[in-house]
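If you want the building blocks of each chain, they are given just below.
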Amino acid sequence: MSNLVIMSHKYYSRTDKTPVEISDAEWKEILSPEVFRIARQKGTEWAFSGKYWRTDTKGQYYCAACGNHLFTSDAKFASSCGWPSFFEPSTPEAMKYVPDHTHGMERVEVLCGRCNGHLGHIFDDGPAPTHMRYCMNSLMLDFEPE
Ligand code: FE
């Protein structure tokens, strides 16, 4: 799997919280083309195409670009939208939020708190207790089963 290649680059860490601030040219050398397109060019995988949209295995989710801890499986819920969906991040610092006015919609974009990679969007139609839906690209998630 491409994830093994991704995890081998020198900025990938599941413990180092130091921000990763490198150029897109450098990112292009260390990420797979699919992950680069989403993380650095704000792409979106096709709905129902990803590895995790309907999985419920227990474990931890990390940023596929940098290794930052993003979610635990306890915050994942079954969503019919076609992308893996969570109701809360692992920590408040795990992600950043940016208004996104593209494609004729008013949305909030979710970025990785460590590498600023595009992860997906957040919507307010999720389940209790937060009623938020973190709608993520499977390609931006590295999953470590328990
Ligand atoms: Fe990241």
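Look up a bit, the structure's there.
Note that the structure is a prediction, hence the values are computed from the model and not measured.

**Description of the overall build of the protein**
Right, on to step 1. From N to C terminus, the protein includes three helices and nine strands.
Right, on to step 2. In the protein, the succession of helices and strands from N to C terminus is α-α-α-β-β-β-β-β-β-β-β-β.
Right, on to step 3. Taking the principal axes of its C-alpha atoms as reference, the protein extends roughly 40 × 40 × 30 Å.
Right, on to step 4. For the protein, the proportion of its 146 residues judged to be buried stands at 48%.
Right, on to step 5. Restricting to contacts in the protein with at least 6 residues of sequence separation, those with at least 24 account for 55%.
Right, on to step 6. For the protein, the exposed area adds up to about 7,800 Å²; of that, 56% sits on carbon and sulfur atoms.
Right, on to step 7. Side chains of the protein give 15 positive and 19 negative charges; the mean places of these two sets differ by 3 Å.

**Section: unusual backbone geometry**
Right, on to step 1. Here A128 and P129 are connected by a cis peptide whose omega angle stands at 10°.
Right, on to step 2. Among the structural elements, P129 can be located in the loop between β7 (118–123) and β8 (133–136).
Right, on to step 3. Residues other than glycine seldom take positive phi values, yet H131 does so here, at roughly 60°.
Right, on to step 4. One can find H131 in the loop between β7 and β8.

**A short note on the pairing of strand β6 (residues 107–112)**
Right, on to step 1. When you tally the buried positions in β6, you get five out of six residues, the bulk of the element.
Right, on to step 2. One ladder, built from four bridges, connects β6 with β7; its direction is antiparallel. Its bridge partner being in β7, V108 is matched across the sheet by I122.

**Thoughts on the sheet that holds β7**
Right, on to step 1. The six strands are arranged β3-β4-β8-β7-β6-β5 in an open sheet whose pairing can be described as antiparallel. Edge strands, defined here as strands with exactly one partner in the open sheet, are β3 (76–77) and β5 (95–100).
Right, on to step 2. Summarising the sheet, β7 and β8 pair through four bridges and their orientation is antiparallel. For G120, the partnering residue across the bridge sits in β8 and is M136.

**Considering the coordination of the iron ion**
Right, on to step 1. Taken together, C63 (SG), C66 (SG), C112 (SG) and C115 (SG) make up the protein donors of the iron ion, found 2.3 to 2.4 Å from the metal.
Right, on to step 2. Given four donor atoms and angles of 101 to 113° at the metal, the environment of the iron ion is assigned as tetrahedral.
Right, on to step 3. Along the chain, the residues donating to the iron ion are arranged with the sequence spacing C-x2-C-x45-C-x2-C. Residue C66 is located in the loop between β1 (59–63) and β2 (69–72), and its partner C112 is located in strand β6; the two are separated by 46 residues in the primary sequence. Both residues of the pair, C66 and C112, belong to the buried class.

**What about the pattern of salt bridges?**
Right, on to step 1. All told, the structure shown has seven salt bridges when counted by the stated rule.
Right, on to step 2. Between R114 and D16 there is a salt bridge, and its shortest N-O distance comes to 3.8 Å. Of this pair, R114 sits in the loop between β6 and β7 while D16 sits in the loop between α1 (2–6) and α2 (24–30), and the two are 98 residues apart along the sequence.
Right, on to step 3. Among the residues examined, R114 registers a relative accessible area of 5% and is labelled buried.
Right, on to step 4. Here D16 falls in the partly exposed class, since its relative accessible area comes to 34%.
Right, on to step 5. The partner of R40 in a salt bridge is D24, and the shortest N-O contact between them spans 3.1 Å. Placement of the pair is R40 in the loop between α3 (33–39) and β1 and D24 in helix α2, with a sequence separation of 16 residues.
Right, on to step 6. Under the relative-accessibility criterion, D24 is labelled partly exposed at 38%.

How each quantity is defined
Residues numbered from 1 in each chain as written. Predicted model: local features only at pLDDT ≥ 70, side-chain atom pairs only at ≥ 80, totals over all residues. Heavy atoms only, no water. Helix = DSSP H or I, 4+ residues; strand = E, 2+ residues; numbered from the N terminus. Buried < 20%, exposed > 50% of the residue type's maximum accessible area, 1.4 Å probe, protein only. Contact = heavy atoms within 4.5 Å. Areas by Shrake-Rupley, 256 points an atom, 1.4 Å probe, with all protein chains shown as cover. Lys, Arg positive; Asp, Glu negative; His and termini not counted. Charge placed at Lys NZ, Arg CZ, Asp CG, Glu CD. Pairing = 2+ DSSP bridges. Donors = N, O, S within 2.8 Å, 3.2 Å for Na, K, Ca; no water. Tetrahedral: all angles 85-135°; square planar, octahedral: opposite > 155°, others 65-115°. Salt bridge = Lys/Arg side-chain N within 4 Å of Asp/Glu carboxyl O.

Interpretation in functional terms is not warranted from these geometric data alone.
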